[in-house]
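# Working through the structure, step by step
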Amino acid sequence: MAVANKPRYVDVSNPSLAVHCPNCGLITPRFLEYCVNDGYQLWPSPEVVSAAFKAWRDADPSRALVSRYDLELPRPPAEAEIDYSERAHQLGIHIFPNSNYPFIICIGFLFLGLAAIPFSATTRIALLVIGGLIFLYGVVGWVLVEDVQLYESSSGESSPEVHH
Ligand SMILES: [Zn+2]
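Residues numbered from 1 in each chain as written. Predicted model: local features only at pLDDT ≥ 70, side-chain atom pairs only at ≥ 80, totals over all residues. Heavy atoms only, no water.

## Remarks on the overall build of the protein chain
What counts is decided by this rule: Helix and strand definitions follow DSSP, with helices as H or I runs of at least four residues and strands as E runs of at least two, each counted in order from the N terminus. In these tables, accessible area is a Shrake-Rupley quantity obtained with a 1.4 Å probe, and a residue counts as shielded only by the protein chains included in the view.
A count of helical and extended segments in the protein chain gives four helices and two strands. Going residue by residue from the N terminus, the α and β elements of the protein chain occur as β-β-α-α-α-α. Carbon and sulfur atoms make up 63% of the accessible area of the protein chain, which amounts to about 11,800 Å² in all.

Encoded structure:
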């Protein structure tokens, strides 16, 4: 067992996880002791191949999570954060701006709903006016003010063929 702690020379600069088996010629994981296709012994012992794999893996931090059973390096994780506003703008999709105005619109609805309850006529008209004003304020602020501001701020960088 003299060779056990002295790994066979492994080219750590080669990033490949797969090799062509010298016996069958098919692709097999580079750091398994036996070829997965025909069982041909690629490495002299489990200790040797384990040491060789560790030496190869430790040579590059990006190999830290690699399995000996893989045939290629894992892809870097996909970018999880997407700027949906930017994406929608590229696709020409209109989305309403992030806003607190919808809450105001809902409060307007609350008063309009209260106005539907058969109180005295004066109370109902007062509720109707209050609810209508709050509702209109929310709609105007959201649709006419914030949305137009968003449109103007983004139209400057949009491509000219949008304006036919
Ligand atoms: Zn083979």
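## Some remarks on the coordination of the zinc ion
Where we set the bar: For Na, K and Ca the donor cut-off is 3.2 Å, while for other metals it is 2.8 Å, and in both cases only N, O and S atoms qualify; water is not among them, so sites may look incomplete. Every geometry call rests on angle ranges, with four donors termed tetrahedral when all angles are between 85 and 135 degrees, four termed square planar and six termed octahedral when opposite donors are over 155 degrees apart and all others are between 65 and 115, and everything else termed irregular. With a 1.4 Å probe rolled over the protein chains alone, any residue whose accessible area is under 20% of its type maximum counts as buried; one over 50% counts as exposed, and the rest are partly exposed.
For the zinc ion, the protein coordination sphere consists of Cys 21 (SG), Cys 24 (SG), Cys 35 (SG) and Asp 38 (OD), at 2.2 to 2.3 Å. If you look at the zinc ion, its four donor atoms make angles of 83 to 123 degrees with each other, and the shape they trace is irregular. Judged by relative accessible area, Cys 21 falls into the buried class, the value being 2%.

## Overview of the pattern of salt bridges
A side chain of one charge can pair with a side chain of the opposite charge when the charged atoms of the two come close. Here is the rule: A carboxyl oxygen of Asp or Glu within 4 Å of a side-chain nitrogen of Lys or Arg is what we treat as a salt bridge.
Tallied over the full model, the rule gives one salt bridge. With its nearest N and O atoms 3.6 Å apart, the salt bridge here joins Arg 57 to Asp 58. The class of Arg 57 is partly exposed, set by a relative accessible area of 25%.

## So, helix 1 (residues 46-58)
Applicable threshold: A helix is expected to span 1.5 Å multiplied by its residue count minus one.
Over its 13 residues, helix 1 runs 18 Å from end to end, which matches the ideal 18 Å to within 8%, given 1.5 Å per residue. Those residues of helix 1 that fall on the buried side of the exposure criterion are Val 48, Val 49, Ser 50, Ala 52, Phe 53 and Trp 56.

## Some words on the nonpolar core
Let me state the cut-off plainly: What is meant by a nonpolar core is a set of buried Ala, Val, Leu, Ile, Met, Phe, Trp, Tyr and Cys residues, joined one to another through side-chain atoms within 4.5 Å. Any pair of residues with heavy atoms lying within 4.5 Å of one another is described as a contacting pair.
Counting residues in each nonpolar core, the largest one holds 13 residues, and the members touching the most others are Phe 31, Trp 43 and Trp 56. Excluding residues that lie within four positions of it along the chain, Trp 56 makes contacts with Val 10, Asp 11, Val 12, Asn 14, Pro 15, Ser 16, Leu 17, Arg 30, Phe 31, Arg 63, Val 66 and Leu 73.

## Concerning the environment of Leu 32
Looking at where Leu 32 falls in the secondary structure, it is placed in the loop between strand 2 (27-29) and helix 1. We classify Leu 32 as buried; its relative accessible area is 10%. Sequence spacing of Leu 32 and Arg 68 is 36 residues, and the spatial spacing of their C-alpha atoms is 6.5 Å. Residue contacts for Leu 32: discarding those within four places in its chain leaves Leu 42, Trp 43, Val 49, Arg 68 and Tyr 69.

## Side note on helix 2 (residues 84-91)
This is how the line gets drawn: Pairs of N or O atoms are called polar contacts if they sit within 3.5 Å, as long as, within protein, a hydrogen donor faces a hydrogen acceptor (for residues adjacent in sequence, only side-chain-to-side-chain pairs).
Capping the start of helix 2, Asp 83 holds a side-chain oxygen 3.2 Å from the backbone nitrogen of Ser 85, two or three residues further along. Among the residues trailing helix 2, Gly 92 stands out with phi positive, at a value near 75 degrees.

## Things to note about the environment of Asp 38
Looking at where Asp 38 falls in the secondary structure, it is placed in the loop between strand 2 and helix 1. Among the polar contacts made by the side chain of Asp 38, one reaches the side chain of Asn 23 at a distance of 2.9 Å.

## Considerations on the packing of aromatic side chains
Stated precisely, the cut-off is as follows: Put simply, two rings from Phe, Tyr or Trp (the six-membered ring, in Trp's case) pair if the centres are within 6.5 Å, and we call them stacked under 30 degrees between planes, edge-to-face over 60, tilted for the rest.
Under the counting rule described, the total for this entry stands at six aromatic pairs. Through successive ring pairs, a cluster of aromatic residues spans Phe 31, Trp 43, Phe 53 and Trp 56.

## Some details on the side chain of Ser 99
Relative to the helices and strands, Ser 99 resides in the loop between helix 2 and helix 3 (101-115). A distance of 2.9 Å separates a polar side-chain atom of Ser 99 from the backbone nitrogen of Tyr 101. Once residues lying within four places of it in the same chain are set aside, the contact partners of Ser 99 are Trp 142 and Glu 146.

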